[in-house]
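Topology and contacts: notes
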Amino acid sequence: MTTTRRTLLAGTAAAATGAVLAEPAEALAYHRPEPTVVLVHGAFADASGWNEVAAELSRAGYPVIAPPNPLRGVAADAAYLASILATLSGPLVLVAHSYGGMVMSNAATGNANVKALVYVAAFAPDEGDTVPGLQYRFPGSKVTPEALDFRPHPTGADAYIKKELFRDAFAGDLPRATASLMWAGQRPLNASTFEEPSGVPAWRTIPSWYLAARNDQVIPVAAQRFMAQRAGSRVTEVAASHVAMMSQPTATVDLIKRAAR
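Topic: the pairing of strand 8 (residues 208-213)
- In terms of residue burial, strand 8 counts as a mostly covered element, since six of its six residues are buried.
- Burial of strand 8 is two-sided: the residues Ser 208, Tyr 210 and Ala 212 facing one way and the residues Trp 209, Leu 211 and Ala 213 facing the other way are all buried.
- Regarding the hand of the β-α-β motif, the stretch spanning strand 8, helix 8 (residues 221-231) and strand 9 (residues 234-238) is right-handed.

What follows is the structure, given as structure tokens:
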């Protein structure tokens, strides 16, 4: 065998060996599991508002969980969500709507598994902020105290949005029949929550994204822009009511995917 032929054969064998050795690493990178997406609902709603978003994420290969938000108070709700997060392994992307942003911002603080926060027409509080302080910082909210029914319970009172105001204020771009069912099944917020200040926010140390709803009648878009800018969030705006994840599910999913990269 000539020197030239031996050299060519040796080079071919080395290349083949290199390809075999490289393949597992490439395959591992290609099949890297996606982060688990945790969807946090807000007040006057439940996790079903995430159904279409969850379905699209699941089809795209993302593990998804949409736990219940107790709606009993900022600290209590954050502690409950934090306990759920503690049972999940691997990287997490947290996504919150409305009051769920208060809960997420507190629950994720100090959790090294949380890689990204996504706010969808949500409160992104700083330390000491309250729901009313952010909601009424700019004019335009139709969910004022006068828009709420307060129903007493043994340890306080629960707040519900009044039937005649629900669709216009909360879900103006959804069919009337859908909004009617949402009103009937709405989960109330403990009234004492309105006075409870937020703690140290996770967005100080965790990258965040924000989907701002320009037609929001609950959290005015000016308030959303203010909170997003303060948190250093990457912002996308859509023409949507407060329930942007329901009326604009594709835009919501696209933003979550960007945050998950």
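Section: empty space enclosed by the protein
- Under the criterion given, the structure shown has one cavity of 30 Å³ or more.
- Of the pockets and cavities examined, the largest cavity occupies roughly 30 Å³.
- Contributing to the lining of the largest cavity are Val 40, Pro 67, Pro 68, Asn 69, Pro 70, Asp 77, Tyr 80 and Leu 81.
- At three residues, helix 3 (residues 74-85) tops the list of elements feeding residues into the lining of the largest cavity.
- Residues that form the lining of the largest cavity fall into these classes: six nonpolar, one polar and one charged.

As for unusual backbone geometry
- A positive phi angle, near 65 degrees, is found at Phe 44, a position not held by glycine.
- Its place among the elements puts Phe 44 in the loop between strand 1 (36-40) and helix 2 (51-59).
- With phi around 45 degrees, Ala 121 is a residue other than glycine that occupies positive phi space.
- Here Ala 121 is to be found in strand 4 (residues 114-122).

Re the pairing of strand 4
- Where burial is concerned, most of strand 4 is hidden: eight out of the nine residues are buried.
- Two strands pair when backbone bridges link them, and strand 3 (residues 92-98) and strand 4 are joined in this way by seven bridges, in the parallel orientation. Counted as the bridge partner of His 97 is Val 120 from strand 4.
- Tracing the backbone out of strand 3, into helix 4 (residues 100-107) and back to the parallel element strand 4 gives a crossover that is right-handed.

Here is what the cut-offs are and how they apply
- Within each chain, residue numbers correspond to sequence positions counted from 1 in written order.
- Since the coordinates come from a predicted model, pLDDT governs what is reported: local features require at least 70, and pairs of side-chain atoms require 80 or more to be given and counted, while whole-chain, interface and lining totals use all residues.
- Where side-chain values are given, they derive from all heavy atoms of the structure, hydrogens and water being excluded.
- Summary of the burial criterion: residues with accessible area below 20% of their type's maximum are buried, those above 50% are exposed, and those between are partly exposed, where the area comes from a 1.4 Å probe applied to protein chains only.
- Per the convention used, a helix needs a DSSP run of H or I reaching at least four residues, while a strand needs a run of E reaching at least two, with both numbered from the N terminus.
- Every crossover in which the path from the first strand over the helix to the second runs clockwise, viewed with the strands pointing away from the viewer, is termed right-handed.
- Cavities and pockets were defined on a 1 Å grid built over protein atoms only: a cavity is a set of grid points that admits a 1.4 Å probe from which the probe cannot escape, a pocket is an open set flanked by protein on both sides within 12 Å along at least five of seven lines, and lining residues are those with an atom within 4 Å of any such point.
- Grid points are joined across faces, edges and corners, and a volume is the space filled by probe spheres set on the points.
- The nonpolar class holds Ala, Val, Leu, Ile, Met, Phe, Trp, Tyr, Cys and Pro. Asp, Glu, Lys and Arg form the charged class, and all remaining residues, Gly among them, are polar.
- Criterion used throughout: strands pair if DSSP finds at least two bridges between them.

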